[in-house]
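Structural overview
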Amino acid sequence: MKKIPFLAFSAFLLLGLFACSNQNGQESNNADPNTDYTQEQSNTKKDVREVVWGQLSEPQKERINGTWEDGKVSTVTLRKNMMNLVKDKAYEGKEVYAIDFPTNDKSRSPNNMIVYADKDTFKYIGEGLVD
């Protein structure tokens, strides 16, 4: 009679041990630099500002005062009146990232540039209008 609870407890501990060892194996597999990641998986580990910065043209980068680290990220739902500089109209009504970069043009007000990016892929969508 005493063997049954002991066997059940042992089986429970073994199952827990196997579950933990499988989880550790998955984590180390994700850390492998040779693993083939999809664009979305790799972007979750990067800053959206940095990914979008790499997609900007040189004139856009020169206009920005600082680097990608100076941008401020927020989320917005694109409306028709916000999409004058966005070519892909499929984003209308969708939630996207809006990255607000300060610009070098101190004589103008406002002196910022807003850039839109897809929330899943961090793909550059276009620029936003500033007030």
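Residues numbered from 1 in each chain as written. Predicted model: local features only at pLDDT ≥ 70, side-chain atom pairs only at ≥ 80, totals over all residues. Heavy atoms only, no water.

**Digging into the environment of Lys72**
The topology assignment puts Lys72 in strand E1 (residues 72-77). In this view, Lys72 contacts Ala98, Ile99 and Asp100; residues no more than four positions away in its chain are not counted. (Helix = DSSP H or I, 4+ residues; strand = E, 2+ residues; numbered from the N terminus. Contact = heavy atoms within 4.5 Å.)

**Details of the environment of Asp105**
Considering the arrangement of structural elements, one finds Asp105 in the loop between strand E2 (95-102) and strand E3 (112-117). Judged by its relative accessible area of 28%, Asp105 falls in the partly exposed class. As a C-alpha pair, Asp105 and Ile64 span 41 residues in sequence and 8.7 Å in three-dimensional space. (Buried < 20%, exposed > 50% of the residue type's maximum accessible area, 1.4 Å probe, protein only.)

**Structural notes on the sheet that holds E1**
The strand order E1-E2-E3-E4 describes an open sheet built from four strands, whose pairing is antiparallel. In the strand order of this sheet, the two ends are held by E1 and strand E4 (124-128), each with one partner. Mean inter-strand twist for the sheet, computed between neighbouring axes without regard to direction, equals 30 degrees. Here E2 runs beside E3; their pairing, made up of six bridges, is antiparallel. Bridge pairing links Ile99 to Val115 in E3. (Pairing = 2+ DSSP bridges. Axes fitted to C-alpha atoms, helices over the stretch in contact; angles between N-to-C directions.)

**Here's the deal with the confidence of the model for the protein chain**
Mean pLDDT for the protein chain: 78, with 66% of residues reaching 70 or above. pLDDT under 50 marks residues 22-42. Its contacts with residues more than four places away, or in other chains, come to seven contacts. (pLDDT = per-residue confidence, 0-100.)

**Regarding the nonpolar core**
Judged by nonpolar contacts, the single largest core of 14 residues is most densely connected at Val48, Val52, Trp53, Leu56, Ile64, Phe101 and Val115. Looking at this core, the elements that each hand over two or more residues are helix H3 (48-53), E2 and E3. The biggest single contributor to this core is H3, with four residues. When residues no more than four places from it in sequence are discounted, the contact partners of Ile64 are Trp53, Leu56, Phe101, Pro102, Thr103, Asn104 and Met113. With ten residues, the next largest nonpolar core counts Met82, Val86, Val96 and Ile114 among its residues. (Core = buried A, V, L, I, M, F, W, Y, C linked by side-chain atoms within 4.5 Å.)

**Thoughts on the side chain of Asp118**
Tracing the backbone through its elements, the reader meets Asp118 in the loop between E3 and E4. Despite its burial, Asp118 pairs with no opposite charge, the nearest such side chain being Lys123 at 7.1 Å. The contacts of Asp118, once residues within four sequence positions are left out, are Tyr91, Tyr97, Lys123 and Ile125. (Lys, Arg positive; Asp, Glu negative; His and termini not counted. Salt bridge = Lys/Arg side-chain N within 4 Å of Asp/Glu carboxyl O.)

**Quick notes on the pattern of salt bridges**
Oppositely charged side chains are able to pair whenever their charged atoms sit close together. Applying the stated criterion across every chain yields a total of four salt bridges. Across the salt bridge formed by Arg49 and Asp47, the nearest N and O atoms sit 2.7 Å from each other. Put simply, Glu58 and Lys61 hold a salt bridge, and the shortest N to O gap is 3.9 Å. Here Glu58 pairs with Lys61, and both are found in helix H4 (residues 58-63), just three residues apart, close to one helical turn. Here Glu58 falls in the partly exposed class, since its relative accessible area comes to 49%.

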